[in-house]
Structures are given as structure tokens and as C-alpha cells.
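Residues per chain are reported as follows:
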Amino acid sequence: MDSARVVIVMLRQPYVNDPNEMRTDPLWEFGSFGCTGCHRTNLMHPKKLTEHNGACFAFAQNGPLGIKLVHVTSPVRTRQHGTFCEVVWEPAEMPIRYDAAPTLVNNLGESDMPALLAMIRDVRRKSPVAKFASKFRSRRQTLPNQVASELMKVYENHRFDHAAISQNYVDALPYNPPKIDKNRESTYRRLLGFA
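Our subject in this report is the structure included herewith. (Residues numbered from 1 in each chain as written. Predicted model: local features only at pLDDT ≥ 70, side-chain atom pairs only at ≥ 80, totals over all residues. Heavy atoms only, no water.)

A look at the pattern of salt bridges
As enumerated under the stated definition, the model contains eight salt bridges in all. A salt bridge links glutamate 90 to arginine 77, with the nearest nitrogen and oxygen atoms 4.0 Å apart. In this pair, glutamate 90 is assigned in the loop between strand S6 (84–88) and strand S7 (103–105) and arginine 77 in strand S5 (residues 77–81), connecting sequence segments 13 residues apart. We classify glutamate 90 as exposed; its relative accessible area is 62%. Under the relative-accessibility criterion, arginine 77 is labelled partly exposed at 43%. A salt bridge links arginine 189 to glutamate 185, with the nearest nitrogen and oxygen atoms 2.7 Å apart. One end of the pair is arginine 189 and the other is glutamate 185, both in helix H4 (residues 184–193) and four residues apart, which spans about a single turn. (Salt bridge = Lys/Arg side-chain N within 4 Å of Asp/Glu carboxyl O. Helix = DSSP H or I, 4+ residues; strand = E, 2+ residues; numbered from the N terminus. Buried < 20%, exposed > 50% of the residue type's maximum accessible area, 1.4 Å probe, protein only.)

These values are about where atoms sit, not about what they do.
Encoded structure:
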């Protein structure tokens, strides 16, 4: 995948003040992202979604250890579901645990991917994590080839460690949401039923 088109997708942290917060999306077990509609005004905008066909999504999860690369998909396909859009990929795989995932950036300015640091150098924010979030929060463009290649190599090296792979979707989160979804298949079917 050295020449893969890679788009970084920023995932939010669980809201601790919402007792119903389950942090549903992505639905790793089904190779699905977008069913909750959270990114529909930028990354998953219905009029531009087909631009992502064939790109790989690199999911970036922020938390107390910095922004971690928890998963990189195989090339995605896009689907329109009326009021929302979805990207899907095969095989559906569980992500890397947040605590074991490679670091995109932390607040000490450290990264397992130096080429990414160069991309945020001129962003006008105080901390490295804030610079990264500002640069990639609503970005739709693919990474430059050199940066994408470095990201893919680092991710694949971390993925070889089977102990680093999540057993449950909450393992890829920086901390548990207030409510843990114990039937993700039912949740996925319910979300698709709203199409």
C-alpha cells in the first residue's frame, strides 16, 4: 500500500456528561463509518463523498496520551443512505488499542511519524495536539504520498503485535464511554434502518 491515498479522520473522545453516550462510530466489526452522521458537513458531505472511493481512512483518536492512529482501512467504498452517507471496507477488522497505537502527535511534540509533524509546524495553535486537530479536524484531502507511505509503514508494524489489537470497540477509545454498547450488530442494523 505504498502508493495508497490516505485521508485522516479525527475521532472525538467520549462525552462523559451524557449517560447515553456509547461512542458508536466507527463500527469496526462491520467495516463501517459514517452511519451516525457526525461528519456529514465536512468529510462525509453527500455531494463530495464519492471522492473518497478507493482511499484509505486513517482513524486518529485523541486522548490523554495524545492523538493515536488506531486504524487504517483498506480502500473504502462509499454508500448513500438518504439522509446520511457511509464508507465501508473489507476486511472488517478491530482497531489497535488506544494505549498501544502509534502516536501521531502528543503534547511533547513527539510522533512515530515525523513527516506528519512537518505538516503541522506552521499551524497557529499553542500545543502540538491542538495544531494537529486544527489541521485535520475537517480536512478532506489525502495526505502527500511521502507522509501517507510513512503512516502506512508505521501502522502495519504496530498491527503485527496481536496483543495490541482491540478485543472490544471500547479498547480503541482513550477511556470508556458512560454506556457501553453490548449489541453492536443491533445498533448497526438500527442505524441503517433509518435510511
